[in-house]
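# Architecture at a glance
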Amino acid sequence: MNPRFRKLMGMSAREILFRLRHRAAIASERKSFLSGAFEWSEAEWSTRLCATQTPPPPGDLAQWWEKHLRQRKETPMFLSPASLPRTTALYRDLFPEKIQEVEARAKATCNGQFSFLGVDAVLEDPIDWHRDPKSGHQWNLAFHSDIDFSFCREGGGDAKYVWEIARQDYLIDCAIAFHLTGTKNYSQQIVQWVQSWIKANPYLEGIHWSSALEVAVRALNWLWSYQLCRHENFLSPAEHLEWIKSFYQHGAYLHRHISYYFSPNNHIIAEAVGLFILGCFFPEFDESAAWRMHGWKVIEEYALQQFYEDGGSTEQALFYHNYCAGYLILAVLLREARGEVVSQPLRDCLERALEFTLWMTRSDGTVPRIGDTDNARAFCFSALPLWDFRNLLSIGAVLFKREDMKYVAGKFHEDALWLLGTEGYKSFKNLAANPPEETTRKFPASGYYLIRSGWDAEEDHLSFDCGPLAAGLYTS
């Protein structure tokens, strides 16, 4: 049977209707894009960016935003200005050796040295955001949905390499280094990279607007970097406004392009979490309430589909299991910090997923290399080995008061500190650390069977992978 026909036969009426509506929406968006309808005037930007505030006088939008972000009543958020001084002081006490390490990584990146997906590349400023650093292929600027980013097409270019550079997770190392040392070279480099990316990637144009996942990942990496640096007024009013506008564009794009049916796996979770967090951080925006509502609705609807009832990932890939769990940690932590309800099924699902990670973690701190992978993590405030997810367990220990998660995590990790702050550290410190009583565990729904000699540093760990392939998804 023809694979496309087989796929069509497997679609529900709801999916077919959605896809038809999506095609119509893309056609309408393309028409608006080509007519310049997204090139908003300052008055239109003011309406969009300041919907819940008294609008600034004409011509004063940049100064208004710079002043507003210094004076506004902060919404609950990670890395908040009120908590950062205490968190930073504790970081210096807990991780003094990490300061030089993070600065070394930041220096290397500022010198144009990048390493990702097995590729070491030296990129000159200004970075060519559309050039594949591995093959040299140049991606053209066009309306985002008209770009065929299928791997190994477009003359040999692979979108994942050019996307990796544009995710800009390296900004976080520079932001932490600036936050800890005050060296302005790092903050200036952040500004240069962000402004360069914005200039080279007009809204809805080019390869970097062709994937909602990439938009979400970049937006969150920007937000963590912004939070770590903004108390130092490291941006001019004009630069600040350009970044705020691009934050808005990233949220507006996600609101319209969540990957229903196209990538209803870790992609849709990352996209929904990114949309939810942007809506929480920017309550001033005209669409922020809709972003929060939309993002959380997707999280509640799709999170449980990512994991079997025993906690294993339906993608049958341990890296993406933890990638997805990391994003759900962000969503649940922020939702609860806002005093809003997280359903018990969602909390239970996340706890089971982290318990699965606990059992998969071996004595060296890594999980078995089962399934595909890339460099992606839900948050990257540290440089852990590629298959080490004990940072998630240290957060899970606090979130679910799990002594076994604390034991396997081994310590309160850097990521946990930046996200949970000093109060999180107190909770972790006051929690006992005890290993699970059992040394065998079966996960029959996801198809994993584990035997270990113990939970000490030198234990032996044997895992059997008997699970289905990606929850029965077609592979052709």
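Structure: above.
Quick caveat: nothing in here was measured; it's all calculated off a predicted structure.

## Topic: a nonpolar patch on the surface
Nonpolar side chains collect at one region of the surface, where Y449, I451, L462 and F464 lie side by side and expose about 360 Å² of accessible area between them. Looking at the nonpolar patch, the elements with two or more residues in it are β4 (448-452) and β5 (461-465).

## Details of helix α3 (residues 42-49)
Working note: α-helix, 3.6 residues per turn, so residues spaced by three or four point in the same direction. Of all the positions in α3, only W45, S46 and L49 are classed as buried. For α3, the buried positions fall inside an angular range of 105° around the axis, keeping them on one side. Turned more than 90 degrees from where α3 packs its buried face, A43 and T47 sit exposed. Turning to α3, the residues buried within the fold contact α4 (61-71) and α11 (237-257).

## Thoughts on the environment of A457
The topology assignment puts A457 in the loop between β4 and β5. In this structure A457 comes out as exposed when scored by relative accessible area, which is 56%. Along the primary structure A457 and G365 are separated by 92 residues, whereas in three dimensions their C-alpha atoms are 9.3 Å apart.

## Brief notes about the layout of surface pockets
Each pocket or cavity is described by its volume, and for the second largest pocket that value is around 740 Å³. Looking at the lining of the second largest pocket, the element that brings in the most residues is strand β1 (residues 113-116), giving four residues. Grouping the constituent residues of the lining of the second largest pocket by class yields 14 nonpolar, seven polar and six charged.

## Focus: the side chain of H250
Secondary-structure assignment places H250 in helix α11. Classification of H250 by relative accessible area gives buried; the value is 0%. Of the polar contacts made by the side chain of H250, one reaches the backbone oxygen of S246; its length is 2.8 Å. Contact partners of H250, with chain neighbours within four places excluded, come to W197, W209, V215, R218, A219, W222 and L278.

## Thoughts on the packing of aromatic side chains
All chains considered together, the criterion is met by 49 aromatic pairs. Centroid distance F33 to F143: 5.2 Å. Interplanar angle 40°. Geometry classified as tilted. Placement of F33 in helix α2 (residues 13-34) and of F143 in the loop between β2 (119-122) and α7 (159-167) is noted, with a sequence separation of 110 residues between them. With 6.0 Å between their ring centres and 80° between their planes, W222 and W243 make a pair best called edge-to-face. Placement of the pair is W222 in helix α10 (residues 212-229) and W243 in helix α11, with a sequence separation of 21 residues. Across the pair, exposure class does not vary: W222 and W243 are buried alike. Across the ring face of W40, the terminal group of R48 is positioned such that the distance to the ring centre comes to 3.8 Å. For R72, the ring lying beneath its charged end belongs to F281, and the centroid distance is 4.8 Å.

## Examining the sheet that holds β5
Read across the sheet, three strands follow the order β3-β4-β5 without closing on themselves; strand pairing throughout is antiparallel. Where the open sheet ends on each side, the last strands, each with one partner, are β3 (440-443) and β5. On average, each strand axis in the sheet is inclined to that of its neighbour by 10°, with strand direction left out of account. The pairing of β4 with β5 spans five bridges and is classified as antiparallel. From the neighbouring strand, Y449 faces β5, where its bridge partner is F464.

## A few points about the packing of α11 against helix α12 (residues 266-281)
Contact geometry for α11 and α12: axes closest at 9 Å, N-to-C directions at 135°. In terms of axis orientation, α11 runs oblique to α12. Viewed along their axes, α11 and α12 form a crossing whose handedness is left-handed. Judged by residue contacts, F247, H250, G251, L254, H255 and H257 of α11 engage E271, G274, L275 and L278 from α12. Classifying every residue of the contact of α11 with α12 gives four nonpolar, five polar and one charged.

## Quick word on empty space enclosed by the protein
The gaps of empty space that remain are located by a probe, the size of a water molecule, rolled over the atoms. Overall, the coordinates contain one cavity of 30 Å³ or more when judged by the stated rule. The calculated volume of the largest cavity comes to roughly 70 Å³. Forming the walls of the largest cavity are F319, N322, Y323, G326, A376, R377, A378, F379, F389, N391 and L392. For the lining of the largest cavity, the secondary-structure elements that each account for two or more residues are α14 (318-337) and α16 (390-400). Counted by class, the lining of the largest cavity contains seven nonpolar, three polar and one charged residues.

## Considerations on the nonpolar core
L49, W65, F78, W224, W243, I277 and Y327 are the most contacted members of the largest nonpolar core, which has 155 residues in total. With 14 residues, the top contributor of residues to this core is α14. The contact partners of W65, leaving out residues within four places of it in the chain, are L49, C50, H240, L241, I244, F282, E284 and F285. Formed by six residues, the second largest nonpolar core is a distinct cluster that contains I147, A159, V162 and W163.

The rules behind these values
Residues numbered from 1 in each chain as written. Predicted model: local features only at pLDDT ≥ 70, side-chain atom pairs only at ≥ 80, totals over all residues. Heavy atoms only, no water. Patch = residues over 30% accessible without salt bridge, like charges linked within 9 Å, V, L, I, M, F, W, Y side chains within 5 Å. Areas by Shrake-Rupley, 256 points an atom, 1.4 Å probe, with all protein chains shown as cover. Salt bridge = Lys/Arg side-chain N within 4 Å of Asp/Glu carboxyl O. Helix = DSSP H or I, 4+ residues; strand = E, 2+ residues; numbered from the N terminus. Buried < 20%, exposed > 50% of the residue type's maximum accessible area, 1.4 Å probe, protein only. Arc of directions from axis to C-beta. Contact = heavy atoms within 4.5 Å. 1 Å grid on protein atoms, 1.4 Å probe; cavity = no way out; pocket = protein on both sides within 12 Å on 5 of 7 lines; lining within 4 Å. Points joined across faces, edges and corners; volume = space filled by probe spheres on them. Nonpolar A, V, L, I, M, F, W, Y, C, P; charged D, E, K, R; others polar. Polar contact = N/O pair within 3.5 Å; in protein donor to acceptor, adjacent residues only side chain to side chain. Phe/Tyr/Trp six-rings, centres within 6.5 Å; stacked < 30°, edge-to-face > 60°. Lys NZ or Arg CZ within 6 Å of the ring centre and 35° of its normal. Pairing = 2+ DSSP bridges. Axes fitted to C-alpha atoms, helices over the stretch in contact; angles between N-to-C directions. Parallel < 35°, antiparallel > 145°, perpendicular 65-115°, else oblique. Left-handed = near helix turned anticlockwise from the far one by under 90°. Core = buried A, V, L, I, M, F, W, Y, C linked by side-chain atoms within 4.5 Å.

In short, shape yes, function no, at least from these values alone.
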